[in-house]
Amino acid sequence: MAGLVANARVVASLGARSVRQTFRRPQLAAPIVVFPSLLLAVQTGGAGGAVNLPQFPEVNGFLDFMLAGAMIQSCLLAGNSGGIALAVDLEMGFTDRLFAAPISRYAIVLGRLAGTAALGAISAVYYVVIGLVFGVTYEEGVGGVVLMVLWVTLAAVAFGSIAAAIALRAGRASVVQGMFPMIFVILFLSTAFFPAELMQEPAATVAEYNPLSFVVAGVRDPVVSVVTGEGALKAFASIVGFAALGLGLSALAMRRRLRLG
Amino acid sequence: MAAIEVRGLERAFQGGVKAVRGVDLEVAEGEIYAFLGPNGAGKTTTVRMLTTLLRPTGGTARVAGHDIVREAPAVRRAIGVALQEAALDPLMTGRELIHLQATLHRLPRAEARAKADELLARVGLEHAADRRVGTYSGGMRRRLDLASALVHEPRVLFLDEPTTGLDPVSRKAIWDEVRALNRSGTTVFLTTQYLEEADQLADRVGIIAQGRIVAEGTPSELKAQVGKPHLEISIADGELERAREVVARLGHELPPKDGLVLVELEGGAAQVAPVVRALDEAGIAVESLQLVEPTLDDVFVAKTGRHLEGNGDGSGASVEAAPGDSSEDGARPEQPAEA
Amino acid sequence: MNPALAIHWPMVAVLVRRAMNEILRVPGAAIPGVLAPTIFFLGLTAVFGELTELGGFGTEDYQSFIIGVSLLQGSGFTGAATGVNLARDIEAGWFDRLLASPAPRPVILAGTVLSAALRALIPAAVLLTVGFAIGVSWPGFDGLALAIIGVMGLATAAACWGCALALRFRTQSAAPLMQAGMFVLVLCTTSYAPREHLQGWLHTVATINPVTQVLEMVRQGFLGTVTWHETWPGLVTIVALVAVLAAFALRGIRRMAD
């Protein structure tokens, strides 16, 4: 029990460090807040006329539809920033200091993910506020907003675990940074920015089955329609899938790193 | 005409931190002048001002006859600069770097090419001329940096800590090159935190601490200011008092220390032999003896109350840092370069 | 050519050559600058392709409409990257070497900035190849020439912007500001849709944003015919942007000694 408490404190303090680190380094913070906000503003203003297309789902406004995409984009980038920061720690030898400390090695990764979770939650709240300021109607009310924040927070942990696995395997920040364009590939091949039925083939088909689309739908439903059991289950299962993949790969990469020294 | 004339030079940074507080100095044509001081003393800030990279906030300075503020382009045409970090582009080859430097000094293409060959050979880098700088060792980088500062045969050469972080062999190679350059008439202004470097290379030394010159002169003049050489003699048991009487006839005897007989010698090393002879004639067995001369560190201690000596790398160079020392150079704190 | 520039041309050329090493000598260094606009081009085409059903796009192929934005996005990224590289050179001390040389300050800046104009041709070439492969209309030689002028011109302006910020902040931490500035400038235009479809604030911003003129100059060949009416505002904008941002950067380089 004492060990568990000690590890929880380590995770909490490493998580706090990672949040502080993000806000102190503009390179880490900007992708999480600045770029998704700019893209949200430009896409809403530029492609907002899409709501007049006959096949477009019924929404109060294009921003209502786009908000979930911005949140997911932000939490994907938060995960990537966490991976970059972990890789920088590895390059600078900071993690060696942690490896040498009498704490669980997995607490090091979990600490980073705790920080990513906090960043995910912060970004979700930020976009909820942006939505309120610019007239988004949250159809499911406060409960729906809480559910949105929860999904985004969990998704940040899941995406962060994948970035952490890449950081642990490669040990170089440039490699994790190189994943940045891939994030947009995944986003464009999901329903983050547009309904699948209005997308061009083959992107439309990919988006229909992309698990990221289920997460996006889970975050979007409380804004534009109603939360259904099936939608929530699909979102949860997708997040668990991403997290299982990321944590599994992280564990393997950590074991390899410790074995090779 | 002096190669460098500095009057009341000052530099304050944001927040009012004064890195240089009224430096006056003069360096004659063909002289090697060493600016000696610990990290944060204001050496680099002074060099950055003299090389037109930083505007002074007070005082004036002329380099090669040109005012460093009003005639900055003329100063840049007359000087060569090798800055502390030996900042070289790792993607360029040594030859390309010298060629670039030559082009920036408006040398015609053919002349630039010939100059690159000549300088690379001069600093012993001809074998590595077409390799990327990223593959060079620390010593090679410094030599390339030095070579690139020479493309236009500058009248005044500024070297900011040219050997910091280098191994003894590389350091000696740089020293040899600086001496050779000076023999050919180039005035050299170098900053260093190494006592030995200042002692070995410089015609005159300026000791700087906390932004002010606290002592200036030739190394021997400075050392003479703080004392004369003395001999430390270890004598066999029971003979100490007799030995003191003997040495007192030849020089000014100092109080014994740790069982050693100490005698100050006006004539330095030339007086060692008579002392040894006198002790021998008196039948006193000498176990060991050592001539101890004042060092520039003694000068530094005498002027500032702190040591410059003893960073453990064998060359001297650390200091009991005074509060605020590290921030004195403001935007560009002096740091040892990567080896 | 400006006589002063002609005299100093060898210096500019050697600095451009040095800056080109960044992509010519580092394997894969050109990839991120190419990948981002290409992914955006393909992604936006796939996602927003149906927007042309709203009408007024001048084409039914959204890829022909969006290629101009992607070309300018490539220029913006390249320009911002030039600023980041300059900030790195300042941090590493390399820039001091240039400043301590007798090369005039505008020449040092010109070498850095002109390299961006050349480097911007790499993402442009890839984008055009990918674009034509997925059905972007052939813009004609005049349209293509204008697209290239737009790409190089905006890259020059973006590099001046990046350099001005690098000279102001002297740290690579300013990179997001360099990138975000260009991002805003290029995307707050008629990037996704023609002016009549833009909503609220973006309609206003796109109308006053000078880059809209550059975009419409670059885009016209891909949508049909090239006219002087659509061309001259773009050319004037490029000249004005470069002049203003270069003045900003020159002020920065002159203040390096402060």
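Preceding this paragraph is the structure being described.
Owing to the predicted nature of the structure, the values given are computational and were not obtained by experimental measurement.

A. Examining the overall build of chain B more closely. Along the backbone of chain B there are eleven helices and 14 strands. Summarising its shape, the C-alpha atoms of chain B cover approximately 75 × 50 × 35 Å along the three principal directions. Looking at the 339 residues of chain B, the share that counts as buried comes to 46%. Across chain B, every contact between residues at least 6 apart in sequence was considered, and the portion connecting residues at least 24 apart equals 69%.

B. Summary view of the overall build of chain C. A tally of helices and strands in chain C yields twelve helices and zero strands. Taking 18 Å as the expected radius of gyration for a compact globule of 258 residues, we find that chain C reaches 18 Å, a close match to that expectation. In terms of its C-alpha atoms, chain C occupies a principal-axis envelope of roughly 60 × 35 × 35 Å. Scored against the burial criterion, the 258 residues of chain C give a buried share of 57%. Restricting the contact set of chain C to residue pairs at least 6 apart, pairs at least 24 apart contribute 82%.

C. Broad picture of the interface of chain B and chain C. On the side of chain C, 19 residues touch chain B, which itself brings 20 residues to the contact. Residue assignment for the side of chain B that touches chain C shows that the elements contributing at least two residues are helix H2 (72-78) and helix H3 (94-104) of chain B. Take the side of chain B that touches chain C: its biggest share by element is four residues, from H3 of chain B. Each residue belonging to the side of chain B that touches chain C can be placed in one class, and the counts come to ten nonpolar, five polar and five charged.

D. Representation of the sheet that holds strand E9 (residues 204-209) of chain B in the model. Residues and elements named next belong to chain B. Taken in spatial order, the six strands make up an open sheet running E6-E7-E8-E3-E9-E10, and their pairing is mixed. Strands with a single pairing partner mark the edges of an open sheet, and in this sheet they are strand E6 (79-82) and strand E10 (212-217). Here the strands of the sheet are splayed against their neighbours by 15° on average, with no regard to which way each runs. Two elements, E6 and strand E7 (residues 156-160), share four bridges in a ladder whose sense is parallel. Its bridge partner being in E7, Ile79 is matched across the sheet by Val156. Against the sheet, helix H1 (residues 43-50) contacts strand E3 (32-36), E7, strand E8 (187-192) and E9, and its axis sits at roughly 150° relative to E7.

E. Region of interest: the interface of chain C and chain A. The partner chain A presents 27 residues to the 31 residues of chain C that form the contact. For the side of chain C that touches chain A, the elements supplying multiple residues, two or more each, are helix H3 (31-48), helix H9 (175-187) and helix H10 (200-208) of chain C. The leading source of residues in the side of chain C that touches chain A is H3 of chain C, at nine residues. Grouping the constituent residues of the side of chain C that touches chain A by class yields 21 nonpolar, eight polar and two charged.

F. Broad picture of the packing of helix H8 (residues 140-169) of chain C against helix H12 (residues 228-254) of chain C. All names here are of chain C. Their axes nearest at 8 Å, the elements H8 and H12 cross at an angle of 20°. Looking at the two axes, H8 sits roughly parallel to H12. Crossing angle aside, the handedness with which H8 passes H12 is left-handed. On H12, the residues that touch Leu146, Gly150, Gly153, Leu154, Thr156, Ala157, Cys160, Trp161, Cys163, Ala164, Leu167 and Arg168 of H8 are Thr231, Gly234, Ile238, Leu241, Val242, Leu245, Ala246, Phe248, Ala249, Gly252 and Ile253.

G. Expanded view of the sheet that holds strand E14 (residues 286-292) of chain B. Residue and element names in this part refer to chain B. As summarised here, the arrangement of the four strands in space is E12-E13-E11-E14, forming an open sheet in which the pairing is antiparallel. Sheet topology places strand E12 (252-257) and E14 at the edges, where each strand pairs with a single neighbour. When the angles between neighbouring strand axes are averaged without regard to direction, this sheet yields 20°. Here strand E11 (residues 230-235) pairs with E14 via six bridges, running antiparallel. The residue bridging Glu232 from the neighbouring strand is Gln290, located in E14. Where helix H9 (residues 240-248) meets the sheet, it contacts E11, E12 and strand E13 (260-264), and its direction lies at approximately 10° from that of E13. Across the sheet, helix H10 (residues 272-281) touches E11, E13 and E14, and the angle it forms with E14 is around 160°.

H. Structural detail: the environment of Arg255 of chain A. All names here are of chain A. Its place among the elements puts Arg255 in helix H11 (residues 229-260). Using a count of 12 C-beta atoms within 10 Å as the deciding quantity, one classes Arg255 as exposed. Considered as a pair, Arg255 and Ala155 are 100 residues apart in the sequence and their alpha carbons are 24 Å apart.

I. Up close: the environment of Gly49 of chain A. Assignment of secondary structure puts Gly49 of chain A in the loop between helix H2 (26-47) and helix H3 (62-92). Residue classification places Gly49 of chain A among the buried residues on the basis of 21 C-beta atoms within 10 Å. Taking the C-alpha atoms as reference points, Gly49 of chain A and Gly61 of chain A, separated by twelve residues in sequence, lie 9.6 Å from one another. In this structure, Gly49 of chain A is in contact with Leu54, Ala193 and His197 of chain C, ignoring residues within four places of it in sequence.

J. Expanded view of the nonpolar core. Among the nonpolar cores identified, the biggest contains 253 residues, and Ile72 and Ala155 of chain A are the most heavily contacted of them. What Ile72 of chain A contacts, discounting residues up to four positions off in sequence, is Ala155, Ala192, Leu212, Val215, Val216 and Val219 of chain A. Leu231, Ile233, Ile235 and Val261 of chain B belong to the second largest nonpolar core, which has twelve residues in total.

K. How the structure looks around helix H8 (residues 180-188) of chain A. Taken as a whole, H8 of chain A has its buried residues at Phe184, Ile186, Leu187 and Phe188 of chain A. The elements touched by buried residues of H8 of chain A are H3, helix H9 (203-209) and helix H10 (211-224) of chain A together with H3 of chain C.

L. Seen up close, the pairing of strand E4 (residues 58-63) of chain B. All names here are of chain B. With five bridges joining them, strand E1 (residues 2-12) and E4 adopt antiparallel strand pairing. Note that in E4 the partner of Glu10 across the bridge is Gly58. Relative to strand E5 (residues 66-67), E4 runs antiparallel, the two being bridged by two bridges. By the bridge assignment for E5, Arg62 is matched with Asp67. Counting the residues between successive antiparallel strands, the hairpin from E4 to E5 contains two residues, one of them, Ala64, with a positive phi of roughly 50°.

M. Seen up close, the environment of Leu107 of chain B. Residues and elements named next belong to chain B. Turning to its location among the elements, Leu107 is positioned in the loop between H3 and helix H4 (109-122). In sequence terms Leu107 and Gly16 are 91 residues apart; their C-alpha atoms lie 42 Å from each other. For Leu107, the residues in contact, after removing those within four places along its chain, are Ala102, Ala112, Lys115, Val151 and His152.

N. Layout of the arrangement of the chains. With two pairs of chains in contact overall, the greatest share of contacts is found between chains A and C. Taking C-alpha atoms as the reference, chain A and chain B come no closer than 16 Å and do not contact one another.

Rules of the game
Residues numbered from 1 in each chain as written. Chains lettered and ligands numbered in written order. Predicted model: local features only at pLDDT ≥ 70, side-chain atom pairs only at ≥ 80, totals over all residues. Helix = DSSP H or I, 4+ residues; strand = E, 2+ residues; numbered from the N terminus. Buried ≥ 20, exposed ≤ 12 C-beta atoms within 10 Å, placed from the backbone. Contact = placed C-beta atoms within 7 Å. Rg over C-alpha atoms; globule rule 2.2 N^0.38 Å. Nonpolar A, V, L, I, M, F, W, Y, C, P; charged D, E, K, R; others polar. Pairing = 2+ DSSP bridges. Axes fitted to C-alpha atoms, helices over the stretch in contact; angles between N-to-C directions. Parallel < 35°, antiparallel > 145°, perpendicular 65-115°, else oblique. Left-handed = near helix turned anticlockwise from the far one by under 90°. Core = buried A, V, L, I, M, F, W, Y, C linked by C-beta atoms within 7 Å.

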